Amino acid sequence: MNFGHPHILWLLLVFPPAMIAFFWWASRKRQALMTLFIQSRLLPGLVSGLSPARQKFRFGCIVLAVAFLIIALARPQWGFTWQEVKQRGVDIVVAIDTSKSMLAEDIAPNRLARAKLAALDLMQQAKADRLGLVAFAGSAFLQCPLTIDDSAFRQSVESLSVNTIPQGGTALAEAIETALTAYKEEDNHKVMVLMTDGEDHDSGAAEAAKKAAEAGMRIYTIGIGTVEGDLLPIKDAQGNTDHVRDEQNNVVKSHLNEDILREIATVTGGFYLPLRGAKTIDTLYTHERGIAQLPKSEHQEKLVKQYTERYHWPLAFAIVLLVTEMLFPERKREPQLKSMTAPVVKERALANA
């Protein structure tokens, strides 16, 4: 069983216990007030016929009715059907650099962690768009095909690490070429969001961007890191912290290369943004030349679960309990005895004689 609003179920720990405590206190308080203002010899006659068990039953109906109303508000769901979902949106491939230079901590906690958070922020913005993921370092591969399944995209992003691709380097050209293979429908608008520090170790990035532009793809580049750069921390087998070193055992310092990122974005009709603060992805999506302004394409996705709502069952139980509480009397039904007056008794006695 699933719930549309599972957080509402926490109210079950608050309202029913509070109501039980209130009814117990009210009953004790009423009893105390009655003994205070009514003489003890008159009290049994006033409460004659009242049933404590019936009172408790009515209180129980109210408490259970409230519990079922809370469950109904939580929208219980069980059973599902598979449905085709048609949406109009943009096809976006997010490419994230997983090379060791993304371990630099010039933006906290490190470049790769911030890139992953930015990708998830984009997922929240692009509700009607299909998202795909390309991971790249010295080579590139399609980590997640284009999909509207947020959970699949999220899992792919969260699984990224600097060990995702064993081949070192930053192959921007191969990342662009791999992104192009993700688009199946030729008439859809193609968008790529490239998240990297731009430390390219091949010279074909600009040429690959030109070919992508000719294929109809627009690239937006997000610079991860700072121009000043930072060292690349690593841990050895014993858990000691060291830094990445080159062949001459010199410590390597990684810098953000904004020039190549601006060139790639400009060639394809996109723009470059450095990852600064919490508004970078908002600007990427809502800018006058941003993703939200691009033409939408209609796409279909199959095998989308549509859960069946079952809130009407607990709601019906709550209504039945409330009606029962209203109609159920607190007093016992006393048998009606025919009173025989003294003259009648006398008259029957004479007749028998």
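The following refers to the structure shown. (Residues numbered from 1 in each chain as written. Predicted model: local features only at pLDDT ≥ 70, side-chain atom pairs only at ≥ 80, totals over all residues. Heavy atoms only, no water.)

Secondary structure summary: the protein contains eleven helices and 13 strands in total. Of all 353 residues assigned to the protein, the portion counted as buried reaches 38%. Restricting to contacts in the protein with at least 6 residues of sequence separation, those with at least 24 account for 80%. When the accessible surface of the protein is totalled, it reaches about 20,600 Å², and 58% of it is carbon and sulfur. (Helix = DSSP H or I, 4+ residues; strand = E, 2+ residues; numbered from the N terminus. Buried < 20%, exposed > 50% of the residue type's maximum accessible area, 1.4 Å probe, protein only. Contact = heavy atoms within 4.5 Å. Areas by Shrake-Rupley, 256 points an atom, 1.4 Å probe, with all protein chains shown as cover.)

Looking now at the sheet that holds strand β12 (residues 272-274). The mixed open sheet is built from six strands, whose spatial order is β5-β4-β3-β6-β7-β12. Looking at strand neighbours, the two that pair on one side only are β5 (140-147) and β12, the edges of this open sheet. Taking each pair of neighbouring strands and ignoring which way they run, the sheet shows an average axis angle of 20 degrees. Relative to strand β7 (residues 217-223), strand β6 (residues 190-196) runs parallel, the two being bridged by seven bridges. Along β7, the bridge assignment pairs M195 with I222. Against the sheet, helix α8 (residues 258-268) engages β6, β7 and β12, with an angle of about 160 degrees to β7. (Pairing = 2+ DSSP bridges. Axes fitted to C-alpha atoms, helices over the stretch in contact; angles between N-to-C directions.)

The subject of this paragraph is the pattern of salt bridges. Scanning all chains against the criterion turns up seven salt bridges. Between D106 and R111 there is a salt bridge whose closest N-O contact spans 2.7 Å. R111 matches D106 in its accessibility class, with the two residues each being buried. The salt bridge partner of K279 is D282, with a shortest N-O separation of 4.0 Å. Each of D106, R111 and D197 takes part in a single network of salt bridges with overlapping partners. (Salt bridge = Lys/Arg side-chain N within 4 Å of Asp/Glu carboxyl O.)

A surface patch of nonpolar side chains, about 750 Å² in accessible area, is lined by L69, Y311, L315, I319, L322, V323, M326 and L327. Considering the arrangement of structural elements, one finds I319 in helix α10 (residues 312-327). (Patch = residues over 30% accessible without salt bridge, like charges linked within 9 Å, V, L, I, M, F, W, Y side chains within 5 Å.)

Another aspect to go through is the nonpolar core. Core analysis: the largest hydrophobic core is formed by 39 residues, its most contacted members being I92, M195, L284 and I291. Put simply, the parts of the chain that give this core at least two residues each are β3 (91-97), α4 (111-125), β4 (130-136), α5 (150-158), β6, β7 and α9 (280-286). Among the elements that make up this core, the one with the highest residue count is α4 (seven residues). When sequence neighbours within four positions are dropped, the list of residues in contact with I92 reads L122, A126, D129, R130, L131, G132, L146, V191, V193 and I291. Of all hydrophobic cores here, the second largest spans 26 residues; its members include V93, L194, A212 and I260. (Core = buried A, V, L, I, M, F, W, Y, C linked by side-chain atoms within 4.5 Å.)

A few words on the packing of helix α6 (residues 172-180) against helix α7 (residues 205-214). Between α6 and α7, whose axes approach to 8 Å, the crossing angle comes to 20 degrees. Classified by the angle between their axes, α6 and α7 sit roughly parallel to one another. α7 is crossed by α6, and the crossing has left-handed handedness. Contacts between α6 and α7 involve L172, A173, I176, E177 and L180 from the former and A205, A208, A209 and A212 from the latter. Considered class by class, the residues forming the contact of α6 with α7 number eight nonpolar, no polar and one charged. (Parallel < 35°, antiparallel > 145°, perpendicular 65-115°, else oblique. Left-handed = near helix turned anticlockwise from the far one by under 90°. Nonpolar A, V, L, I, M, F, W, Y, C, P; charged D, E, K, R; others polar.)

Here we take up the environment of A74. Residue placement: A74 occurs in the loop between α3 (52-73) and β2 (76-89). With 66 residues separating them along the chain, A74 and I8 place their C-alpha atoms 5.5 Å apart. Setting aside chain neighbours within four positions, we find A74 in contact with F3, G4, H5, I8 and L9.

With that out of the way, let us pick up unusual backbone geometry. Each neighbour pair has its own omega, and for A108 with P109 the value is -5 degrees, a cis peptide bond. One can find P109 in the loop between β3 and α4. Phi is positive for R75, close to 55 degrees, though the residue is something other than glycine. Turning to its location among the elements, R75 is positioned in the loop between α3 and β2. For R75, a relative accessible area of 28% gives the class partly exposed.

The next point concerns the packing of α3 against α10. Interhelical geometry of α3 versus α10 gives an angle of 160 degrees and a closest axis separation of 8 Å. In terms of their interaxial angle, α3 and α10 are classed as roughly antiparallel. You can see that α3 and α10 cross each other, and the crossing is left-handed. Contacts from F57, R58, C61, I62, L64, A65, F68, L69, I71 and A72 of α3 reach α10 at P314, L315, F317, A318, L321, L322, T324 and E325. Partitioning the contact of α3 with α10 into residue classes produces 15 nonpolar, one polar and two charged.

Within the secondary structure, D129 sits in the loop between α4 and β4. The exposure class assigned to D129 is buried, which follows from its relative accessible area of 3%. Here the side chain of D129 touches V90 through a polar contact of 2.8 Å, landing on its backbone nitrogen. Each residue touching D129, except ones within four places of it in the same chain, is listed here: G89, V90, I92, T147, I148, Y285 and K296. (Polar contact = N/O pair within 3.5 Å; in protein donor to acceptor, adjacent residues only side chain to side chain.)

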